[in-house]
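# Chain and residue survey
Read off the chains here:
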Amino acid sequence: ELQFGPRLNAATELLDRWVAQGQGGRPCVQGAGLRWTYAELQAEANRIANVLVNELGVVPGNRVLLRGANTPQLAACWFAVVKAGAIAVATMPLLRAKELGQVIAKAEVSHALCDAALADELMAAQAQHPVLRGICHFRSGAPDGLEARAARQPATFTNVDTASDDCALIAFTSGTTGQPKGTMHFHRDLIAACRCWPPHCLQARSSDVFIGSPPLAFTFGLGGLLLFPMSVGASTVLLEKAAPELLLKAIVEHRATVCFTAPTSYRAMAPLAAQHDISALRKCVSAGEALPAATRALWKQATGIELIDGIGATELLHIFISHTEAEARPGATGRPVPGYRACILGDDGRPLPPGQVGRLAVKGPTGCRYLADERQRQYVQDGWNLTGDAYLLDADGYYVYQARTDDMIISGGYNIAGPEIEAALLAHPAVAECAVIGVPDAERGQLVKAFVVLREGHAPDAKALQEHVKASIAPYKYPRAVEFRDSLPRTETGKLQRFKLREPG
Ligand code: 3UK
């Protein structure tokens, strides 16, 4: 099933196929006041592909930067780039000129399609990086804007006959610590991702309505909100803004059935769920960071829905360890997705027996290919992808997340995983959000410190939280320091930025 012929264009497979099969009238993508069928998205993508080729001079292999909030227009741009045999360089909407400049330089971006609302930072970046020759703005309403130019082009386009192992996408890692790294994904990788995790763990149908928060520039969002729905002929709702309350309202409005977002978003939506009619919702996927058992329980109590957890990575395109609802196991990420293999390696690089904490290694159809190869040798060793996560394998073959390898806390001679303590704290009724890190300590090397955001109506009580942790997990792990905060630093994709908490002051 995962055998690909030598020639493949992912856009043919995901978009044009439905029109060719007479399904072009099916609803495909909505958002930003638009509602497009498969045939309408195809026509728009074709027109934009014609602009790229006929007006901007894009040739196969050119890197085209995409910038915008999640909208149907951004989806059309994405398909246009892929149809033209160019490479989509997806960028997160919040990136500033300096970061965009790094992306342009690293990926050798020659052209850009940019939402007019986000034009300024990209123009500033272009001024420093003339390698970016042409920018065309969409959603500007201007006579020389992308839509106006597209309207003057034919609605037909013959997709470039790309090799299945031609690069289609360069996705940048979020770079929560270091510099963002570009990862290359082939046309066949995009299709392989659609054939591995979704059929096994999600089992969506063409009547499903997908919705969620991750940007299309984040491969979690690209898969969950564009590739996966389209691979089964379903429809998707793209939201420009998807803060928890807005996401919940949109689920109601669109009668969404499948939701993709991060654990922190499920925690924030849970207390509000009762006031919203989300009865159409049937599948909820959590990824981006570990899903604590308390969050799984909270969402199930609020909605009756068992979350589907999955660990994915930009380097590996999408989710590689996960589970179906029926196989859910609180506190565990799941088992390798069919098509992938996983193992836990010790410091000597050899596989560890179950129960021991080591480095997660993964192999499958979508492996890591960095643009810069000195990182490649660290991430991929002997064909195994080392994700940088510490995990253990339990006796039933479930993978249990511990921490990012470089986030493990070493205190008083013990190895302590912050997320385990976070999971314990989140089970306390006063705790809305928390983060646990190691801070330097003369006596213990590192000291376990918790940052806690309280739920409404709860007063700070460090002692009570410490006692709660001591009573739920091995007592030596309890946070010796507790600091209360109004909020915690997170990325656009819902990941805790622990490094910001480690910075003094
Ligand atoms: C962490 C998780 C525990 C883990 C992603 C789904 O997050 C994604 O990609 P990134 O490159 O980060 C990868 C790292 O994030 N992580 C992600 N999911 C989980 N840790 N449980 C999880 N369920 O450290 C991993 O190495 O930003 C997620 C699909 C596509 C993605 N790109």
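The coordinates are above.
The text that follows walks through the structure, step by step, so that each part is easy to find. Keep in mind that what you see is a predicted model, and the values were worked out from it rather than measured. (Residues numbered from 1 in each chain as written. Predicted model: local features only at pLDDT ≥ 70, side-chain atom pairs only at ≥ 80, totals over all residues. Heavy atoms only, no water.)

### Quick notes on the packing of aromatic side chains
In total, this model carries twelve aromatic pairs according to the counting rule given. Between Trp-78 and Phe-79 the ring centres are 5.0 Å apart and the planes differ by 85 degrees, which places this aromatic pair in the edge-to-face class. Overall, the relative accessible area of 0% leaves Phe-79 in the buried class. Ring centres of Trp-197 and Phe-260 lie 5.9 Å apart, and the angle between their planes is 70 degrees; on these two criteria the pair is classed as edge-to-face. Residue Trp-197 is located in helix 7 (residues 187–202), and its partner Phe-260 is located in strand 11 (residues 258–261); the two are separated by 63 residues in the primary sequence. Exposure remark for Trp-197: the relative accessible area of 1% places this residue in the buried category. (Phe/Tyr/Trp six-rings, centres within 6.5 Å; stacked < 30°, edge-to-face > 60°. Buried < 20%, exposed > 50% of the residue type's maximum accessible area, 1.4 Å probe, protein only. Helix = DSSP H or I, 4+ residues; strand = E, 2+ residues; numbered from the N terminus.)

### What to know about the pattern of salt bridges
Under the defined criterion, the tally for this structure stands at 30 salt bridges. Notably, a salt bridge pairs Arg-195 with Glu-13, separated by 3.4 Å at the nearest N-O pair. With a gap of 182 residues between them, Arg-195 in helix 7 and Glu-13 in helix 1 (residues 10–20) connect regions that are remote in the sequence. Between Asp-394 and Arg-329 there is a salt bridge; the shortest N-O distance is 3.7 Å. Taken as a pair, Asp-394 in the loop between strand 19 (384–393) and strand 20 (399–404) and Arg-329 in the loop between strand 14 (319–322) and strand 15 (335–336) lie far apart in primary sequence, 65 residues in all. One network of salt bridges, with partners in common, ties together Arg-267, Glu-289, Glu-433 and Arg-490. (Salt bridge = Lys/Arg side-chain N within 4 Å of Asp/Glu carboxyl O.)

### Comments concerning the sheet that holds strand 24 (residues 445–454)
Taken in spatial order, the three strands make up an open sheet running 23-24-25, and their pairing is mixed. Because the sheet does not close on itself, it has two edges, and the strands there are strand 23 (431–441) and strand 25 (481–484). Ignoring which end each strand starts from, the neighbouring axes of this sheet average 25 degrees apart. Relative to strand 23, helix 13 (residues 418–426) is tilted by about 145 degrees, and along the sheet it contacts strand 23 and strand 24. The strands that helix 14 (residues 462–472) touches are strand 23, strand 24 and strand 25; relative to strand 25, the one it contacts most, it runs at about 130 degrees. (Pairing = 2+ DSSP bridges. Axes fitted to C-alpha atoms, helices over the stretch in contact; angles between N-to-C directions. Contact = heavy atoms within 4.5 Å.)

### Some words on the sheet that holds strand 8 (residues 182–186)
Strand order in the open sheet made by the six strands is 6-5-3-4-7-8, with mixed pairing throughout. Every other strand in the sheet has two partners, leaving strand 6 (134–138) and strand 8 as the edge strands with one partner each. Taking the axes of each pair of neighbouring strands and ignoring which way they run, one obtains an average angle of 20 degrees across the sheet. Relative to strand 5 (residues 109–115), strand 3 (residues 63–67) runs parallel, the two being bridged by five bridges. Within strand 5, the position partnered with Leu-66 by the bridge is Leu-113. Packed on one face of the sheet, helix 3 (residues 72–83) meets strand 3, strand 4 (87–91), strand 5, strand 6 and strand 7 (167–172) and runs near 175 degrees to strand 3.

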